[in-house]
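Each chain, written out:
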There are 2 protein chains.
Amino acid sequence: MIRISLDQSELTAEQVVELEESWKRFASTVVYCTSLAGSGHPGGSLSCAHILLMFYAATDYDTSDPSDPDRDRLIISNGHISPGAYSALAEAEFFPSEDVIVGFRKVGTPFGGHVETVVPGIEWNTGNLGQGLSAGCASALAAKYNKGSYRTVVLMGDGEQQKGQISEARRFAVKYGLNNLFAVIDYNKLQIGGDITKIMPQNIKEEYISDDWNVIEIEDGHDWHQVFAAFKKMFAREVDDPSKPTMLLANTVMGKGVSFMENDEKYHGSAASLDQLKTALKDIGVEDKVDYYAQLRKNRLPVTKAYNPGPPRFNIDTGEPRVYGPDEKTDNRSGYGNALADLARLNNNKDGKTKIFAMTCDLEGSVKMNAFEKESPEYFIENGIQEHHATTLAGRLSKEGFQVFFSTFGVFGTSETYNQERLNDINHTNLKLVCTHVGLDVGEDGPTHQSIDYLGLIGSLYGFSIFVPADPNQTDRVIRYIADKPGNYFVPMGRSKMSMILDEGGEPFFGKDYQFEPGKGDVIREGKDGCIIAIGPMVHEAMTARKAVEKKGLSIGVINMCSIKPIDAELINRAADTGLVITAEDHNVNTGLGSLVANVLAEKRKAPKFKRLGISEYGGSGKSADLFKAHGIDADSIAATVLDMSK
Amino acid sequence: MIRISLDQSELTAEQVVELEESWKRFASTVVYCTSLAGSGHPGGSLSCAHILLMFYAATDYDTSDPSDPDRDRLIISNGHISPGAYSALAEAEFFPSEDVIVGFRKVGTPFGGHVETVVPGIEWNTGNLGQGLSAGCASALAAKYNKGSYRTVVLMGDGEQQKGQISEARRFAVKYGLNNLFAVIDYNKLQIGGDITKIMPQNIKEEYISDDWNVIEIEDGHDWHQVFAAFKKMFAREVDDPSKPTMLLANTVMGKGVSFMENDEKYHGSAASLDQLKTALKDIGVEDKVDYYAQLRKNRLPVTKAYNPGPPRFNIDTGEPRVYGPDEKTDNRSGYGNALADLARLNNNKDGKTKIFAMTCDLEGSVKMNAFEKESPEYFIENGIQEHHATTLAGRLSKEGFQVFFSTFGVFGTSETYNQERLNDINHTNLKLVCTHVGLDVGEDGPTHQSIDYLGLIGSLYGFSIFVPADPNQTDRVIRYIADKPGNYFVPMGRSKMSMILDEGGEPFFGKDYQFEPGKGDVIREGKDGCIIAIGPMVHEAMTARKAVEKKGLSIGVINMCSIKPIDAELINRAADTGLVITAEDHNVNTGLGSLVANVLAEKRKAPKFKRLGISEYGGSGKSADLFKAHGIDADSIAATVLDMSK
């Protein structure tokens, strides 16, 4: 496509002619692909047209390497304008436009209904609104760390500005001086339900200004000269405060260029009929090839295959295990914090090593990131109480060549931000989500702070592995295990201090020679009369219960199912052979460990005596030991259950 | 406690003396309860002291009826200041202050670590920050509808202002002209991690102004005269625009009145030691009764019992069922929309009937609320793309004497807003959450829009019942069933049109005489060789599969498990007796119907041949029929599974 230098003072007449030709191809691809698919979002695609095309005309990228680290990045937060995004990428020669027309919204092609990174050139899967600016913050932040000169542009809708997460991202961008971040708002004044000023009145410009952003406004986002001048100005930082990020408010027209679509909110999310398509093509000023493309769409799939750059190659020294001795008493959080500080020391000040970020939301002390911060202050990121933003930021940063540990309380890292984690997972991020204060073990903070659904929630995300360490030794080993892995990992842990789990010889069970292995449960003790399968603090309770029933002549095994996902189905099978299986978890009894074990039993057609112990109602406020007792998951209750079921 | 009229021009000297005495009792309760519990949040409690006490001195409430409809409402969004909230309520004579001291953060008492409504006078359980202003919007909105003159004050922290949901609530309050809503910000400039300007710089005042709020600022939130004047001014609406809501920014000092706590962020979330407590009491200027109260706390529980006003009494005409005939084809959404419009017609313009709200987030047409809006435009609420705010608003409004139906796509009503639903549930709301576009049935919109975890998510919330209707007839009956019930209900449904499910005689299975019953599955067809348990669109696929295998000589039953929570364990048990159970769901195979059935099988020690069919990876973008096929949950795949397992 036409290349335009932002060093020019203005566009030449020839360039405008070429841009107009480009627009015609773009607009016809938009209307073809939506009408032939019978659905999609042409209206916003057309209102974003000139912005999209100017981005690809005037910025740097490499169509042969969509992941080129130095590329300028365009994050499309209003993911429903996929017809526009794909059509612009076709203009930029990432792939032929016919691919968009034959593949759009068809199973087995990359060209999904909302933008997806399997399409070469798409930076981030979106569709759930309001998350793009946070992702953009991550790319802009990465550029600062990498001394990269690339620019990050985030394209957003105007209705989308209603999402609260955007205000969080705005503040973060200012705090971290992200003057290489540029928000562009497609201000067409319509959302699905109609006029944005009726649906939800909002002073968009004033909001950005109140958060210390620079704002540039153009009256006509379909005037090539104005769009060019705005890009030139914002990239050159000819703004009030060049140290701050900039928002470009582009006044546009929904459906621009297609007579019946202009200013009609119906075309936010509806395609023109095949009859209307002919009018649309006439309006755009191109030949009618409807029959040709309709036939083509029936007969073939796109030549473009799903783009997959593969996992990142991390070069991380995970160090030597720290072993906490049989007489030590500490919490898993400290085990985590110590390991994290080791990782900082071994990698962040060493040439050639992948750098490790640690980030939290105003809970640095509680999640034990202080030692990391001391070791490596520049890689510690404080997001404030902005969990939605922080989660997306962490996800995207983990795709910019860094290993990212994100920690907060379980309730904020899972319940509050589930959809951000979900979108991260769909984006194949490499996030290390380590949540502390899960379970009733959070104690006196009470039900609003008790994360007792973390397994059910993160367990719903296909890409996440889940490991629940039982003591600080295992925590150390799990953290070091995930530290150099790509992909998403979730490591939940409680709050309280504890003794180490010991083997029969009185030595740490997860000692010097222990290596963590996903999908393998730990047989802490064998037993022939039954088995307790437990996680987290319940492993300790189970050990006590085991001793109690031993006195009554029962030999009960204890399994620590640290690897929840993948789970150790074979070991569960073996446990079932004892004839009695009890699961114990500091978690909702219906959606966690017990349920996973039941699934294995049902699938393997095993029918031992079986009981799930866990939490059946919202917890109260009190010491965790008192809460365990009140909910029937303390050692006494477990022992009583074993005895009762062994009758 | 002292009563002060806001009609006075200013406070008298005697009143100030009395307020000071009140403050001393308040402050000593705060430090006693936290220090004796060994945890809690004294710092913010003391910075909010004068605001809390002025509220209870100058507003209207009835300690003998904390739910009095005409009461002024104080929603405490910064729920960690529970010591302050409880101490102020004790001053207001809701209960004796000794109850707070002996009960705070102890299992079996109402006085939890974050404010809870079981404490008389507490309006809303919080602790997860950023939600209170949305709840306040609901109360203020309810006053407008009820022609109530009460005022709603929302107390918030300054760190909390970082949460994006607050910006959503601000815009909503302006859109709906909530000039009876008053936000008070405890501006002590410290959050857990320290100085708010370092943790996350923010222009709080400018943000409110940019959203068209009135702002009043007082220099000293510990000066009784200033606090009085501010309350007087804001309630009298002596502000720039009396038609708009008002925010009072009160400059305060964390830990005010206790020397070592002042301006020290440590005391945001830590109690003074018992030694320090003595200093604190001296600073406050009261007698040292540490030993007395320490003893008292050991020996007794509070006399105050958990407050529970019981469920609301709705008076709602649910109308006559609409029956869709054997030849009709429509979608569940329309079945919902039609029933909802009936409810509006039968109740919203009738005297004495409970009024019904319908609310959505810019998806009115998709969730089929148009007919309701036509029937009853004043009770239709459009929240814009502000799902977090809308969810809290809907929950709180359902506790203000209204029946509230909240609808959006599944992904926005569950994944995006899980934590708001969770806090609603903890608040014992009466929400009717009806989500459309769940499952792969959302089709071409692709993975970001495919809600395939809705059962795992909402299933984690103890208070929610979940019913998944199989066709528009059942939808009609389920909607009418929940329409006059208190409590939380979740009704998910897909997008596509379908034929009605018919009985063997060709008549609608869910016909005129069908009544929905929770906890009862529907045996659509009996079968002796096995049973398919299905939900939603999979019931239709299962019926087709049943026919296909019938030709191969197999008699396979089909159960529709509409009532997912509570589930029909007895029917699953019966199904297991056929020796073959297959579950089919348009949902994550690990966290939905199949898992629930496995739980029942394991618990009942049944071991039929068993297979869960569902979704094992994020879905693609395409027609739902194509997606069902790609994920192996279409009729052909189900039939093939039956045949394979019957070998």
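Residues numbered from 1 in each chain as written. Chains lettered and ligands numbered in written order. Predicted model: local features only at pLDDT ≥ 70, side-chain atom pairs only at ≥ 80, totals over all residues. Heavy atoms only, no water.

1. Comments concerning the interface of chain A and chain B
On the chain B side, the residues contacting the 102 residues of chain A number 102 residues. Between chain A and chain B, a total of about 8000 Å² is buried, with carbon and sulfur atoms accounting for 51% of that surface. Summed over the shared surface of chain A and chain B, the result is 10 salt bridges. Here chain A and chain B share 70 residue pairs in polar contact (both at pLDDT 80 or more) between them. (Contact = heavy atoms within 4.5 Å. Buried area = accessible area lost by both parts, 1.4 Å probe. Salt bridge = Lys/Arg side-chain N within 4 Å of Asp/Glu carboxyl O. Polar contact = N/O pair within 3.5 Å; in protein donor to acceptor, adjacent residues only side chain to side chain.)

2. A word on the sheet that holds strand β7 (residues 246–251) of chain A
Residues and elements named next belong to chain A. With parallel pairing, the five strands of this open sheet are ordered in space as β1-β2-β3-β7-β6. Of all strands in the sheet, those bounded by a partner on one side alone are β1 (73–76) and β6 (214–218). Strand-to-strand twist across the sheet, computed as the mean angle between neighbouring axes with direction ignored, equals 20°. With four bridges connecting them, β1 and strand β2 (residues 152–157) associate as parallel partners. (Pairing = 2+ DSSP bridges. Helix = DSSP H or I, 4+ residues; strand = E, 2+ residues; numbered from the N terminus. Axes fitted to C-alpha atoms, helices over the stretch in contact; angles between N-to-C directions.)

3. Concerning the pairing of β7 of chain A
Residue and element names in this part refer to chain A. Counting buried positions along β7 yields six of six residues, so the element is predominantly enclosed. The pairing of strand β3 (residues 181–187) with β7 spans six bridges and is parallel. Residue pairing across strands places Val184 opposite Leu248, the latter belonging to β7. The pairing of β6 with β7 spans five bridges and is classified as parallel. Its bridge partner being in β7, Glu217 is matched across the sheet by Leu249. At this point the chain moves from β6, through helix α10 (residues 224–235), to the parallel β7, and the crossover so formed is right-handed. (Buried < 20%, exposed > 50% of the residue type's maximum accessible area, 1.4 Å probe, protein only. Right-handed = clockwise from strand over helix to strand, strands pointing away.)

4. What about the sheet that holds strand β19 (residues 563–565) of chain B?
Residues and elements named next belong to chain B. Strand order in the open sheet formed by seven strands is β10-β9-β11-β12-β14-β13-β19, with mixed pairing between adjacent strands. Whereas interior strands pair on both sides, the edge strands pair on one side only; in this sheet they are β10 (380–382) and β19. With strand direction ignored, the average angle separating the axes of adjacent strands in the sheet is 20°. Here strand β13 (residues 464–467) pairs with β19 via two bridges, running antiparallel. Note on β19: the bridge partner recorded for Phe467 is Ser563. Relative to the sheet, helix α17 (residues 418–426) contacts β11 (403–409), β12 (431–436), β13 and β14 (488–492), its axis offset from that of β12 by approximately 155°.

5. Here's the deal with helix α6 (residues 132–146) of chain B
Residue and element names in this part refer to chain B. Helix length check: α6 (15 residues) gives 21 Å between terminal C-alpha atoms against 21 Å at 1.5 Å per residue, within 8%. Of all 15 residues making up α6, 12 are buried, and the element is well covered by its neighbours. Of the residues one or two after α6, Lys147 is the one with positive phi, at around 50°. (Expected span 1.5 Å × (residues − 1).)

6. Here's the deal with unusual backbone geometry
All names here are of chain A. A cis amide bond links Lys565 to the next residue, Pro566, at an omega of 5°. Mapped onto the elements, Pro566 comes out in the loop between β19 (563–565) and α21 (569–576). A positive phi angle, near 60°, is found at Arg105, a position not held by glycine. The phi angle at Asn263 is positive, at roughly 60°, despite the residue not being glycine. With respect to the secondary-structure elements, Asn263 resides in the loop between β7 and α11 (274–284).

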